[in-house]
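As a plain string of letters, each chain reads:
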Amino acid sequence: MNLHDYEAQDIMSNRLAPRTVLRFSVLATCLALLGLGATGSTNLQEGPPPAAPAAATVVKTGIYLLNVGRLDTTTGNFTADFYLTFDCDRPCNPARFEFANGQAVEADLQYETPTRREYRIQGNFSTNIDFRSYPFDKHKLLVALEDKQQPEEELVYQFAPELTGVDSEVIVSGWELMGWEARVTSHYYPVFDETYSRFEFFIEIRRGTVAAVLKALLPALFIVAGGFLAFLLGPDKALHRLTIDTGALTGAILFHVNVTSQIPPVGSLTYADKFMIVNYIGLVGALLTTVFMLILTDQKRDELAERIHRITRSAVPLTWLLLQAVAAYTL
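The sections below set out a description of the structure shown in this document.

Overview of the pairing of strand 5 (residues 116–126)
- Burial of the side chains of strand 5 is restricted to one face: Arg117, Tyr119, Ile121, Gly123 and Phe125 are buried, whereas none of Arg116, Glu118, Arg120, Gln122, Asn124 and Ser126 on the reverse face is.
- Looking at chain direction, strand 2 (residues 77–88) and strand 5 are connected through eleven bridges and run antiparallel. In the strand pairing of strand 5, Thr79 is matched with Asn124.
- With nine bridges joining them, strand 4 (residues 102–112) and strand 5 adopt antiparallel strand pairing. Looking across to strand 5, one finds that Tyr111 is bridged to Glu118.
- Between strand 4 and strand 5, which pair antiparallel in sequence order, lie three residues.

As for the packing of aromatic side chains
- Following the criterion strictly, the structure yields 16 aromatic pairs and no others.
- Ring pairs connect the aromatic residues Phe78, Phe82, Phe86, Phe97, Phe99, Tyr119, Phe125 and Tyr157, which therefore count as one cluster.
- For Arg120, the ring lying beneath its charged end belongs to Tyr83, and the centroid distance is 5.2 Å.

Considering the state of the cysteines
- Going through the model one piece at a time under the given rule, you end up with one disulfide.
- With its sulfur 1.8 Å from that of its partner, Cys88 forms a disulfide with Cys92. In this structure, the disulfide formed by Cys88 and Cys92 twists by about 50° around the S-S bond and is classed as right-handed.
- On the basis of relative accessible area, Cys88 is assigned to the buried category, the value being 8%.

Observations regarding the side chain of Asp137
- Summarising the element assignment, Asp137 is placed in the loop between strand 5 and strand 6 (138–147).
- Owing to a relative accessible area of 0%, Asp137 belongs among the buried residues under this scheme.
- In terms of polar contacts, Asp137 uses its side chain to reach the side chain of Arg207, at 2.9 Å.
- Residues contacting Asp137, with those up to four places away along its chain left out, are Asp130, Phe131, Trp175, Ile205, Arg206 and Arg207.

What counts and how
- Residues numbered from 1 in each chain as written.
- Predicted model: local features only at pLDDT ≥ 70, side-chain atom pairs only at ≥ 80, totals over all residues.
- Heavy atoms only, no water.
- Buried < 20%, exposed > 50% of the residue type's maximum accessible area, 1.4 Å probe, protein only.
- Helix = DSSP H or I, 4+ residues; strand = E, 2+ residues; numbered from the N terminus.
- Pairing = 2+ DSSP bridges.
- Phe/Tyr/Trp six-rings, centres within 6.5 Å; stacked < 30°, edge-to-face > 60°.
- Lys NZ or Arg CZ within 6 Å of the ring centre and 35° of its normal.
- Disulfide = S-S within 2.5 Å.
- Polar contact = N/O pair within 3.5 Å; in protein donor to acceptor, adjacent residues only side chain to side chain.
- Contact = heavy atoms within 4.5 Å.

If you want it as structure tokens, here you go:
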């Protein structure tokens, strides 16, 4: 090959090179675009869709009461012995529970499956005591429990009637057992901004009516009746009446102190307080009548003293009886 041939070949190469480069560029660009499109389509379809939040575990809960210790009315403390049963709608772990109004002294796990647990609980608990109706007061002994860690979005208690009840041999010393009740509530903690499901079981007790009348009312009635007997004496026996009235009033005060010493100091009047206040009104009325009669007798105003005697011997007892009816109405 001569020099002219080399020159011709070089010229042809220079002419073809731009076309070849352009073709390769276009081909590479198309392949790149196709590759990006395929890759983008694959990325949009990769991975499973986000799972919806699981529903809260429903735990059927029941308490079967076996025994209740003596209620301390000064503090509201009592002891309880019962079976606690959890029955879940799926495998769960409801063992992380706590009592909102007390603590378990002993918690014995007696039966366990993936969905069910049974405990024998012995614990100390406290309840609110309302003495406004004392000595005819009624109280609810409460046992409330919550889960320690799982809020209401994760665990919800459900009252199970078939797992709940009170044993027939349960006796609350000094009280009459009226019945039991159970419910599920939502308890919100604003400090943590969380709501927890709470299971509440309580029994209702009341003080014995016969015992309340005999110990808290009947002695006071006898004291008042003794004071009112002074109305049978005329104005000429005013000194004897004065002795009876003062003795009855002193006895009423001492009895009131003894009755109220059995309960802690409260911020409102109990029925026993209202009952004794009305007794004070009646006895003070009898005492004032006697004092006026003594004054009138000394002033030789016997006719006026006799008139006051006739009016007050019926007016004071009737006023006392009316006030007692009002106090009983507010019971």
